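Listed below, chain by chain, are the residues.
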Amino acid sequence: MSKHPHEFRTSLLEENDGPGHNPTANPTMGEIIATRFSRRALLKGSLAVSAIAATVSPIALITADNARAEGGSAFTFAEVEAGIDENHHVAEGYDADVLLRWGDAVLADAPEFDPKNQTAEAQAKQFGYNNDYVGFIPIDGSATHGLLVVNHEYTNEHLMFPGIVTIAEGKVKVADADQKRVDIEMAAHGGTIVEIRKVDGKWQVVRDGKLNRRITAATEMELTGPVAGHDRVKTNADQTGTRVIGTVNNCAGGVTPWGTYIMAEENFHGYFIGELPAGHAEAANYERLGIPEGAYSWGQFYDRYDISKEPNEPNRFGWIVEVDVEDPTSAPKKRTALGRFKHEGAESIVAKDGRVVFYLGDDERFDYVYKFVTAGTYNPSDRAANMTLLDEGTLFVARFSEDGSFEWMPLVHGQGPLTAENGFDSQADVLIETRRAADLLGATKMDRPEDVQPNGVNGKVYVMLTNNTKRKDEQVDAANPRAKNAFGHIIELAEEGGDFTAAKGKWEVLLKCGDPAVAEVGATFSTGTSPNGWFGMPDNCAVDAAGRLWVSTDGNSPKATGRTDGLWAVDTEGAARATSKLFFRVPVGAELCGPLFTSDDETAFVAVQHPGDGGEDWEKFGRPSYYEDLSTRWPDFKDDMPVRPAVVAITRKGGGKIAV
Ligand code: FEO
Ligand code: CA
Ligand code: CA
Ligand code: CA
């Protein structure tokens, strides 16, 4: 039995209300005092005036305000109006074309999508549910022909399946799953690799692409690196400790410089049920990760998801998965050297000396930012030589100091507290319990690290911190400056000497998010930001070829911010720094994932995830949304077709770069 009703799945898995969190509501006064104010905010917020007057001198306030941009955005597109409706909206002069929807054929022999008669076999050949990460791997260096790689993070049964919802006391109640439904859910997870081509300015799927592939929660994978073969990853079904069935909750990811596809395993705790045998050695390990969470009932049908039957199975999840897209029969590799936690993504960059640096976020309240530096160097002319780079290297966790510096602390067995005395007998133990190792090193507890994106043009690294309403006044620090942080913030890192392998560097807050017109929020968008341009809850981001930052969000809603999620262009340089403009917004109920720019900057791919979820908070709809009664039927708008998560390709009408 699930511990939680399914209607809470989205919030449970994404907000990660895991162990160690204090649910006590925080007072708001501390948040006000800890926040920098703009003069505009002061004028509009009388509450803030009285709070701030007692703590900050007027001169300090004016100085802070003068530091803001008075000018507008460096982006010239006509901004989209923020709002909420059934459809997506893109800036005038652009096309936003739906490229791939849930159920569309990925393999040549996939049957036509028939949502009322879906089968696992069909789903395993079709585009999966809840597209999240989007990557593009060029074929022969082309910006108009390549492999699109897309993660399918999780499933929303109430939107996917007919006849399983009843409404009880105004809430969606989902019928218990049978095995047929579980098998479809598993096939709708994972990832898609599909050949695409731009023809006459429009992207098309190559239906018979020979590298097209679906990866699912039933795909056989290998464990590699220091943990492979360790006793703690052996199960009844796999005495070698090297062969795992499936990957789950693949949130963001990455494409490596050598052209492989990275799928990050994020909220894997949600897939396990059962209880560990009494006194089991993994109890503390699992508690730190919130295992088992029991949002899915797969464990009723597959022993591996029931920890009373396979107590070691959760140690085989929570990894970074690397896929060789050039061999559709290859087993994806779970690269254990990059640590085990709720991996948001793994964006990478080649450092000056040829080593490759992967930036990693552990998306849970009060968890950490990491990076992994390969031991070997990238060889641009020998793809095969790069294929084991992720098995050897050093994992680091970040500590942010009040003086604007940070350091990367190595998670290496035998160093510092990472010894047998503390229960770490080997590097495998350090990696299996990455969080506990980082705890002992004194890493800085962050407000839910999401995408961490290196920018090869300006040498900076952007850290999306989506929110953390559980942070209390006494837990505020310089890098997490707001208590009850409902709207999140973005930190900018500068590695020492511009070297991405550096052991330390400087950081500053690029942006505190939320509505800058509400003083109590303490948002720091520039005064050049229009009422459409601000956002909350940064999640994914992209840097285009010109080095400009684009941020997509997860959590803007009628209730939270009076607007849907979307894609915002954010200035990071010069007078316009911290100016933001809305470029694209999603239909009601959705969040926006992806974003990705092709190397010619002429296409932005975005992933519209869980459209039509919710509905109660949207005045126009005002009730729960589910298969038979949907708040939107995006993108088809046909009575016999449910709402469908989809990847959208944005191009400029008539061609040319997205932003000039
Ligand atoms: Fe799946 Fe951290 O978002
Ligand atoms: Ca995310
Ligand atoms: Ca990204
Ligand atoms: Ca998300």
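Asks: Honestly, the sheet that holds strand 30 (residues 580-585) in this entry has me stumped. Any pointers?
Replies: Through backbone hydrogen bonds, the strands of a sheet pair up, either in parallel or in antiparallel fashion. As summarised here, the arrangement of the five strands in space is 1-30-29-28-27, forming an open sheet in which the pairing is antiparallel. Looking at the sheet topology across the chains shown, the edges are occupied by strand 1 (89-90) and strand 27 (538-543). Across two bridges, the pairing between strand 1 and strand 30 is antiparallel. Note on strand 30: the bridge partner recorded for H89 is R585.

Asks: I tried to follow helix 12 (residues 434-441) on my own but got confused; where do I start?
Replies: Two residues of an α-helix separated by three or four positions point the same way, owing to the 3.6 residues in each turn. Residues of helix 12 that are buried include every one of T434, R435, A437, A438 and L441, and no others. End-on view of helix 12: buried residues confined to an arc of 160°, all on one side of the axis. Remark: G442 follows helix 12 within two positions and exhibits a positive phi of approximately 80°.

Asks: Explain the environment of G229 to me, please; I cannot follow it from the model alone.
Replies: Summarising the element assignment, G229 is placed in the loop between strand 10 (220-224) and strand 11 (243-245). Separated by 13 residues in sequence, G229 and T242 place their C-alpha atoms 5.4 Å apart. Residue contacts for G229: discarding those within four places in its chain leaves K234, T240, G241 and T242.

Asks: What is the right way to look at the pairing of strand 27 in this model?
Replies: With respect to burial, strand 27 is a largely interior element, six of its six residues being buried. The sheet contact formed by strand 27 and strand 28 (residues 549-553) spans five bridges and is antiparallel. Bridge pairing in strand 28 places A542 opposite W550. Where strand 27 hands over to strand 28, the hairpin turn is made up of five residues, of which G547 adopts a positive phi near 90°.

Asks: What should I look at first to understand the pattern of salt bridges in this one?
Replies: Opposite charge on two side chains makes pairing possible when the charged atoms of those side chains draw close. Within the structure shown, the criterion is met by 46 salt bridges. One network of salt bridges, with partners in common, ties together R288, K342, D362, E364, D367, R435 and D439.

Asks: So what exactly am I meant to see when it comes to the coordination of the calcium ion (ligand 3) here?
Replies: Expected angles at a metal are 109.5 degrees for tetrahedral coordination by four donors and either 90 or 180 degrees for octahedral coordination by six donors. Binding of the calcium ion (ligand 3) to the protein goes through E347 (OE), D451 (OD), Q453 (OE1) and C541 (O), at separations of 2.3 to 2.5 Å. Motif for the calcium ion (ligand 3), donor spacing along one chain: E-x103-D-x1-Q-x87-C. Note that Q453 is positioned in strand 23 (residues 449-454) and C541 in strand 27, a separation of 88 residues in sequence. Just as Q453 is buried, C541 falls in that class too.

Rules of the game
- Residues numbered from 1 in each chain as written.
- Chains lettered and ligands numbered in written order.
- Predicted model: local features only at pLDDT ≥ 70, side-chain atom pairs only at ≥ 80, totals over all residues.
- Heavy atoms only, no water.
- Pairing = 2+ DSSP bridges.
- Helix = DSSP H or I, 4+ residues; strand = E, 2+ residues; numbered from the N terminus.
- Buried < 20%, exposed > 50% of the residue type's maximum accessible area, 1.4 Å probe, protein only.
- Arc of directions from axis to C-beta.
- Contact = heavy atoms within 4.5 Å.
- Salt bridge = Lys/Arg side-chain N within 4 Å of Asp/Glu carboxyl O.
- Donors = N, O, S within 2.8 Å, 3.2 Å for Na, K, Ca; no water.

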